[in-house]
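So the chains spell out like this:
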Amino acid sequence: MFVVFKQKQYILRNTSHGMNLLPPATMVTKTQVMKLLFRCLAVAFAVIYISSCKPVPVSHWFPVTPQEHYEQELYKAKQEKTIAGQTWFRVSKQVLNDTLFSLAPYQERFFLGDSTPAQSIRLKIPEGRKLVITPSKNDEDSLSKLVLELYRIKSNGKPQRIEYLKANENTLTIADHEGDTLLLRLQTGLNETLKVSLALTTLPTLTFPIASYGMQNLISFWGAQRDGGVRSHEGVDIKAPRGTPVVASDNGFITQTGTNNLGGKIVFLSANGSPYSIYYAHLDSQLVSVGQRVVRGDTLGLVGNTGNAITTTPHLHFGIYARGSGAVDPFPFINDKKEKLPGLPVTSRWLLGDSVRIKSKTNLYLSPVFSNDEKIRIIPKNETIRILGELAKGYRVELADGTKGYIPTVGLESDKQLSKK
């Protein structure tokens, strides 16, 4: 007979010394062959056993996030074998593929529970801003669990977790310099219900570049005509008395100091952890050198009117350059004006999670901006919808076929009202 090991053929035969496995130049004993066979059989049985069982994901062997710790508890209690548990796990994964979209500033009250234990929203962080995510529970649901995770949608469409709300924190703040599409997932505990309001706001990523001054001191903006329309202004101008300290808007290191015709005395700062170089021009003097590392608030130079600003009042020309794409508008990077957040109804007329009928046809949209290019389809009059969330002027809904979207404020009525007609 023949036995194959590692793609080599061995001959097994009887001899006067017993059963031997004979390779070309060596001899293996019968005991060694049996040991090898038993090992192969053991491995085969192990593979079959493992493949026949539902393995617990690696993240639940070594949980990191509150979501993973909670899922580990559910697996230990074998909740994934119950109908409610299966729904909880299934919806948790399903919403990572949802495509509803919004832009900050934004506010929505979500319903989480029963067949909808999780919901999600896709978003992008505007350039120059950092996103602040603030969830808040309704008082009556204060004991219900809330877990919140933030994902980046990769080029292949798969979500990659990048951040999560810590157990002892009330807000999550993140900056994204790549312009990625992000997805925020909210989820409550198994067999729990929760109404949670979610506020998305943004803050500037940079510190204002002149000490003790602010946005009210801007005197010229991005895109203003220069040299009779020959060129456009690639930055903002900030008025301040000569000699006022100009400070580092971010941590980084100095890549260039010197003088040029337009900017006069200038300083370039390369910001840490971002693709931006920050440009300071018309300085009266420079107080840093190339290669020097600085932190936010360090003095780089003093306000002046050197270069082509010699005939103007002292001011700072502040510019930002993205590596590979040139100058960008600095305004959102330093604008610290408080954003106006759309309000939410104090009390909900319609119970979130309930099914209602619309009294007149309306459009279903991909986002609460309600723009025509985001229209999904028309919902006909008297169609039954389920309310999953509410906005200042509209609702997040789910149709009978599972399609989700936003509708503007429209007349609604419950099944009880219809039965009385």
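Residues numbered from 1 in each chain as written. Predicted model: local features only at pLDDT ≥ 70, side-chain atom pairs only at ≥ 80, totals over all residues. Heavy atoms only, no water.

**Q** I'm lost on the environment of Val236 in this one. Help?
**A** Along the polypeptide, Val236 turns up in strand β16 (residues 236-239). A residue is classified by how much of its surface remains accessible, and Val236, at 0% relative accessible area, is buried. Each C-alpha atom, one on Val236 and one on Phe318, is 5.4 Å from the other, the two residues being 82 residues apart in sequence. What Val236 contacts, discounting residues up to four positions off in sequence, is Leu218, Ser220, Phe221, Trp222, Leu316, His317, Phe318, Pro330 and Ile334. (Helix = DSSP H or I, 4+ residues; strand = E, 2+ residues; numbered from the N terminus. Buried < 20%, exposed > 50% of the residue type's maximum accessible area, 1.4 Å probe, protein only. Contact = heavy atoms within 4.5 Å.)

**Q** Can you walk me through the environment of Gly297 in this structure?
**A** Relative to the assigned elements, Gly297 resides in the loop between β21 (293-294) and β22 (299-303). For Gly297, a relative accessible area of 42% translates into the label partly exposed. Taking the C-alpha atoms as reference, Gly297 lies 7.7 Å from Ala211; in sequence the two are 86 residues apart. Beyond its immediate sequence surroundings of up to four residues, Gly297 is in contact with Val247 and Ala248.

**Q** Help me understand the sheet that holds strand β9 (residues 159-164) in this model?
**A** Picture the strands of a sheet paired through backbone hydrogen bonds; they go either parallel or antiparallel. Taken in spatial order, the 5 strands of this open sheet run β4-β6-β11-β8-β9, and their pairing is mixed. The open sheet terminates on both sides in strands that have one partner only, identified here as β4 (101-102) and β9. Direction of pairing for strand β8 (residues 146-153) relative to β9: antiparallel, over a ladder of 5 bridges. The residue bridging Ile153 from the neighbouring strand is Pro159, located in β9. Relative to β8, helix α3 (residues 66-76) is tilted by about 120°, and along the sheet it contacts β8, β9 and β11 (182-188). Strands β6 (118-123) and β11 of the sheet are contacted by helix α4 (residues 83-94), whose axis makes an angle of about 165° with β11. (Pairing = 2+ DSSP bridges. Axes fitted to C-alpha atoms, helices over the stretch in contact; angles between N-to-C directions.)

**Q** What exactly am I supposed to notice about the packing of α3 against α4 here?
**A** Relative to each other, α3 and α4 sit at 150°, their axes nearing to 12 Å. On the basis of their axis angle, the class for α3 and α4 is roughly antiparallel. Of the two possible hands of crossing, α3 and α4 adopt the one that is left-handed. Along its contact with α3, which presents Gln67, Tyr70, Glu71, Leu74 and Tyr75, the element α4 presents Trp88, Phe89 and Ser92. In terms of residue class, the contact of α3 with α4 is made up of 5 nonpolar, 2 polar and 1 charged. (Parallel < 35°, antiparallel > 145°, perpendicular 65-115°, else oblique. Left-handed = near helix turned anticlockwise from the far one by under 90°. Nonpolar A, V, L, I, M, F, W, Y, C, P; charged D, E, K, R; others polar.)

**Q** It is not clear to me how the pattern of salt bridges should be interpreted in this structure. Could you clarify?
**A** Any two side chains of opposite charge can pair if their charged atoms end up close together. Evaluated as defined, the whole model comprises 14 salt bridges. Of the charged contacts in the structure, one is a salt bridge between Asp98 and Lys404, with a shortest N-O distance of 3.1 Å. Taken together, the residues Asp98 in the loop between α4 and β4 and Lys404 in strand β30 (residues 404-408) connect sequence positions 306 residues apart. Judged by relative accessible area, Asp98 falls into the buried class, the value being 16%. Among the salt bridges present, the one from Asp401 reaches Arg377, with a minimum N-O distance of 3.1 Å. With Asp401 in the loop between β29 (394-399) and β30 and Arg377 in strand β27 (residues 375-379), the pair connects residues that are 24 residues apart, well separated along the chain. (Salt bridge = Lys/Arg side-chain N within 4 Å of Asp/Glu carboxyl O.)

**Q** Please clarify how α3 should be interpreted in this entry.
**A** Three- or four-residue spacings in an α-helix give side chains the same orientation, since the helix completes a turn every 3.6 residues. If you check which residues of α3 are buried, you get Gln67, Glu68, Tyr70, Glu71, Gln72, Leu74 and Tyr75. Trailing α3 by a residue or two, Lys78 shows a phi angle of about 60°, which is positive.

**Q** Honestly, the environment of Lys137 in this entry has me stumped. Any pointers?
**A** The residue Lys137 is located in strand β7 (residues 129-137) in this model. The sequence separation of Lys137 and Phe110 amounts to 27 residues, and the corresponding C-alpha distance is 9.8 Å. For Lys137, the contacting residues outside a window of four places in its chain are Ser142, Ser144, Lys145, Leu146, Leu194, Lys195 and Val196. Within the structure, Lys137 has its side chain in polar contact with the backbone oxygen of Ser142 (distance 3.5 Å). (Polar contact = N/O pair within 3.5 Å; in protein donor to acceptor, adjacent residues only side chain to side chain.)

**Q** Would you take a moment to explain the side chain of Arg386 for this structure?
**A** Structurally, Arg386 can be placed in strand β28 (residues 384-391). In terms of polar contacts, Arg386 uses its side chain to reach the side chain of Asp114, at 2.7 Å. At a separation of 2.6 Å, a polar atom in the side chain of Arg386 contacts the side chain of Thr116. In this structure, Arg386 is in contact with Phe111, Asp114, Ser115, Thr116, Gly353, Asp354, Ser355, Arg396, Val397 and Glu398, ignoring residues within four places of it in sequence.

**Q** So what exactly am I meant to see when it comes to the confidence of the model for the protein here?
**A** As a general rule, the predicted coordinates of low-pLDDT regions are not to be interpreted in detail. Predicted confidence across the protein gives a mean pLDDT of 86, with 83% of residues reaching 70 or more. In the model, residues 47-52 has pLDDT below 50 throughout and makes 0 contacts with residues more than four positions away in sequence or in other chains. Low pLDDT (under 50) marks residues 417-421, which in the prediction has 5 contacts with non-local residues, meaning those over four places away or in another chain. (pLDDT = per-residue confidence, 0-100.)

**Q** Just checking my understanding: could you explain the packing of aromatic side chains for this structure?
**A** The geometry of an aromatic ring pair comes down to the distance between the two centres and the angle between the two planes. Taken as a whole, this structure holds 10 aromatic pairs when the rule is applied. Centroid distance Tyr365 to Phe370: 5.4 Å. Interplanar angle 65°. Geometry classified as edge-to-face. Geometry around Tyr164 places Lys166 over its ring, the cationic atom sitting 4.5 Å from the centre. (Phe/Tyr/Trp six-rings, centres within 6.5 Å; stacked < 30°, edge-to-face > 60°. Lys NZ or Arg CZ within 6 Å of the ring centre and 35° of its normal.)

**Q** Help me understand the nonpolar core, please; the structure alone is not making it clear to me.
**A** The tendency in soluble globular proteins is for nonpolar side chains to be buried as a group. Of all hydrophobic cores here, the largest spans 29 residues; its most connected members are Ile238, Tyr280, Leu300, Leu316, Phe318 and Ile334. Core analysis: the second largest hydrophobic core is formed by 25 residues, Leu123, Leu172, Leu194 and Val196 among them. (Core = buried A, V, L, I, M, F, W, Y, C linked by side-chain atoms within 4.5 Å.)

**Q** I keep staring at α4 and nothing clicks. Help me out?
**A** Between its terminal C-alpha atoms α4 stretches 16 Å, which fits the 16 Å expected from 12 residues at 1.5 Å a residue. Inspection of α4 places Gly85, Thr87, Trp88, Phe89, Val91 and Ser92 among the buried residues, and these make up the whole buried set. Buried-residue contacts for α4 involve α3, β6 and β11. (Expected span 1.5 Å × (residues − 1).)

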